[in-house]
Amino acid sequence: MATMIEFSETQKAAVVSLLIEMINADGLVDPRECDMFNTICVEYGINDETFSLGQRLDSMLAVDMMKRMSDMQKLAIAQLLTRVIDADTNDDDKEIQLFNVICKATGVDVLINALVQEKE
């Protein structure tokens, strides 16, 4: 079993903001995406106060906060975003575009490329 990456409450609020943005990216809120979001909230112990803060947090600020996280935290968030994208079994172009923008803006794309090269 993989080790759970730790986040502060403020960082969790950023995660909430980014996940909500991903759920809304394609303009359709699928119940399976909401179920995955709720599962993630339980897994990471996101309480009502942190959830509420995340709802109000501007997604651009959330991306900026993510930039300052550790590489492992960034990769964990990328995995969480992927879980939401995959939840409805419809990888919409808008979701993929948003994922790519977040990864490029936070340096996750470089981290993923380094991991891929490491495995080759």
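This text gives an overview of the structure that appears in the document. (Residues numbered from 1 in each chain as written. Predicted model: local features only at pLDDT ≥ 70, side-chain atom pairs only at ≥ 80, totals over all residues. Heavy atoms only, no water.)

### A closer look at the overall build of the protein chain
In terms of regular secondary structure, the protein chain is built from 7 helices and 0 strands. Of the regular secondary structure in the protein chain, the N- to C-terminal order runs α-α-α-α-α-α-α. Against the globule reference of 14 Å for 120 residues, the protein chain gives a C-alpha radius of gyration of 14 Å, in line with a compact fold. The principal-axis extents of the C-alpha atoms in the protein chain amount to approximately 40 × 30 × 30 Å. For the protein chain, the residues scored as buried account for 41% of the 120 residues in total. Within the protein chain, contacts between residues at least 6 apart in sequence are counted, and of these 80% link residues at least 24 apart. (Helix = DSSP H or I, 4+ residues; strand = E, 2+ residues; numbered from the N terminus. Rg over C-alpha atoms; globule rule 2.2 N^0.38 Å. Buried < 20%, exposed > 50% of the residue type's maximum accessible area, 1.4 Å probe, protein only. Contact = heavy atoms within 4.5 Å.)

### Let's talk about the nonpolar core
Grouped together as the largest cluster of nonpolar side chains are 33 residues, with contacts concentrated most on L18, L19, I77 and L81. Looking at this core, the elements that each hand over two or more residues are α1 (9-24), α2 (31-43), α4 (59-67), α5 (71-87), α6 (93-106) and α7 (108-119). A per-element tally of this core places α5 first, with 8 residues. Setting aside anything within four residues of it in sequence, one finds L19 in contact with F37, I40, L80, L81 and V84. (Core = buried A, V, L, I, M, F, W, Y, C linked by side-chain atoms within 4.5 Å.)

### So, the packing of aromatic side chains
For the structure shown, the criterion picks out 2 aromatic pairs. When the ring of F7 is compared with that of Y44, the centres are 5.7 Å apart and the planes differ by 55°; the resulting orientation is tilted. Of this pair, F7 sits in the segment before α1 while Y44 sits in the loop between α2 and α3 (48-56), and the two are 37 residues apart along the sequence. (Phe/Tyr/Trp six-rings, centres within 6.5 Å; stacked < 30°, edge-to-face > 60°.)

Distances and angles like these do not, on their own, reveal function.
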